[in-house]
Amino acid sequence: MDKETLAIRNLNKARALHQPSTLHAVRDLFLSCLAKLPILPQRARSNRVLLIRPDHLGDVLLMTPALQFIKRERPETELHVICGAWAAEVLARFAEVDVVLTLDFPGFQRGGGSPRGNPYLRALDSARMLRRIGYDSALIMRPDHWWGAMLAFLAGIEERIGYDKANVAPFLTGRAPHQQEHAVLQNLHLAQFWLGAAHNRDIELALTVDPADAAAVDQLLSDRGIDSTEPIVCIHPGSGMPSKLWKADKWAEVADQVAWLHKAAIVFTGSSAEKALIDEIAGKMMAQSFSVAGETSAGQLAALYRRAGAVLGPDSGAMHVAAAVHTPTVTLFGPADPIEFAPWGDCRKHAAITSTIACRPCRILDWRDDSPEYHPCVRDISVSQVLEETQRVLGAKSAED
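A brief structural summary. (Residues numbered from 1 in each chain as written. Predicted model: local features only at pLDDT ≥ 70, side-chain atom pairs only at ≥ 80, totals over all residues. Heavy atoms only, no water.)

## Remarks on the overall build of the protein
Condition: Strands here mean DSSP runs of E at least two residues long; helices mean DSSP runs of H or I at least four residues long; both are numbered from the N terminus. Here the globule rule is a power law, 2.2 Å times the number of residues to the power 0.38, and the radius of gyration is based on C-alpha atoms. Burial here depends on accessible area, computed with a 1.4 Å probe over protein chains only, as a share of the maximum for the residue type. Under 20% is buried, over 50% is exposed, and the range in between is partly exposed. For this analysis, residues touch if any pair of their heavy atoms sits within 4.5 Å. Under the convention used here, a 1.4 Å probe and the Shrake-Rupley method define accessible areas, while residue burial counts only the protein chains that appear. Counting rule for charge: Lys and Arg are taken as positive, Asp and Glu as negative, and neither His nor the chain ends is counted. Charged side chains are reduced to one point each, which is NZ for Lys, CZ for Arg, CG for Asp and CD for Glu.
When its secondary structure is counted, the protein shows 15 helices and 12 strands. What you see for the protein is a C-alpha radius of gyration of 22 Å, in line with the 21 Å of a compact globule of 401 residues. Principal-axis analysis of the C-alpha atoms places the extent of the protein at approximately 65 × 55 × 40 Å. Per-residue burial over the protein gives 53% buried out of 401 residues. Partitioning the contacts of the protein with sequence separation of at least 6, the portion at a separation of at least 24 is 67%. With an accessible surface of roughly 18,200 Å², the protein has 52% of that area assigned to carbon and sulfur atoms. Distance from the positive charge centre (42 side chains) to the negative charge centre (47 side chains) of the protein: 6 Å.

Rendered as structure tokens:
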């Protein structure tokens, strides 16, 4: 199948998948009825606001300029964030956040699973917990998160702000318009909608590195024979979905060229589950490489990336961690839209690479019922594209230094 025919096929399939199924239509009808039920509101004025963000680490990081804006505008407000356990360590580093709560959100588990049990009963249990704490307001930060909006409703939080999306809006008292723009700006615009104030400062995404994490990374590198003066480039080849992965032989070629051109040690990062992928890449390389997969916490990953000259990889939370510590990135995009999810920062230091296939961005991350061969949007990115952009961002960093 030629690329034009393949793109037409994929666009038609993506269009169908974006349409709500009969099951989803029935669910949405149930939700609209549920939202009309009388719910006992929380009565005590608590001066607390709850931000609900169920997604993974990168999405949570892209929310942090908004929570910093909220705290600047209302410093007397006690700011709580409820997130997945994977994001708690990073959120706790932001002084603006008073309390971090964790929850096993249905549909947002590592590996694509969901917590056991009925999601509606889980919402009722979680709502009881939120009632005990007490909140004046809740902001549902993910645009389509009907479960989070339902949770805030069941918890009796009187002011519930979110995006004007069909299955979210029935639970809300304030509905902000949703625009296709970078996620940092989406989050800020929702905060502005709630506050009634405009954000008029430069928008910075910044993550503080703990000295203990920096020391642990220095030791981790020293154990591998990499001293503190040796330049390193990190590659994070894994991602949450197969449709986002690049070919191992291409990563090996890029790694060899970067190691040779920049006299840099190549350090692979990832989870324990990604060790096999990293081993495959390393086995195809001529240059020596090092792996710390499964050996770093989120904070240590940030410290390692701050030490690196650049971080390369497919679209994933790791790239946002790198951007948040002001390290240049080269990100390979496939089904997701870089307009919304490119690493935030100076475009001279951050490259978002895409293929030319016409069906991207389809915004379908999980094509589990379709062969990966039909979705080559990442695999079609060339080695020369990645090397060219790596040279560019490393050059920008050198000029800055």
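## As for the packing of helix α2 (residues 22-34) against helix α7 (residues 146-154)
Rules: Axis definition: a line fitted to C-alpha atoms, over the contacting stretch in the case of helices. Angles run 0 to 180 degrees between N-to-C directions. When an angle is under 35 degrees it counts as roughly parallel; over 145 it counts as roughly antiparallel; between 65 and 115 it counts as roughly perpendicular; any other value is oblique. Left-handed is the label given to a crossing in which the near helix is rotated counterclockwise from the far helix by less than a right angle, and right-handed is the label when the rotation is clockwise. Only Asp, Glu, Lys and Arg are considered charged in this grouping, and only Ala, Val, Leu, Ile, Met, Phe, Trp, Tyr, Cys and Pro are considered nonpolar; every other residue, Gly among them, is considered polar.
For the pair α2 and α7, the least separation of the axes is 11 Å and the interaxial angle reads 20 degrees. As the angle between them shows, α2 and α7 are arranged roughly parallel. Of the two elements, α2 crosses α7, and the hand of that crossing is left-handed. Here R27, L31 and L34 of α2 lie close against α7, whose contacting residues are W146, M150 and F153. When its residues are assigned to classes, the contact of α2 with α7 shows five nonpolar, no polar and one charged.

## Details of the sheet that holds strand β5 (residues 159-163)
Operational definition: Any two strands between which DSSP finds at least two bridges are classified as paired.
A sheet is described by the order of its strands in space; here six strands give the open sequence β3-β2-β1-β4-β5-β6, paired in parallel fashion. Taken across any chain shown, the strands that pair with only one partner, and hence form the sheet edges, are β3 (99-102) and β6 (174-176). Along the sheet, successive strands turn relative to each other by an average axial angle of 20 degrees, direction set aside. Pairing geometry for β5 and β6, over three bridges, is parallel. Bridging across to β6, G162 finds its partner in R175. Strands β1 (48-52), β2 (78-83) and β4 (137-140) of the sheet are contacted by helix α4 (residues 64-73), whose axis makes an angle of about 160 degrees with β2. Across the face of the sheet, helix α6 (residues 119-133) comes into contact with β1, β2 and β3 while running at roughly 165 degrees to β2.

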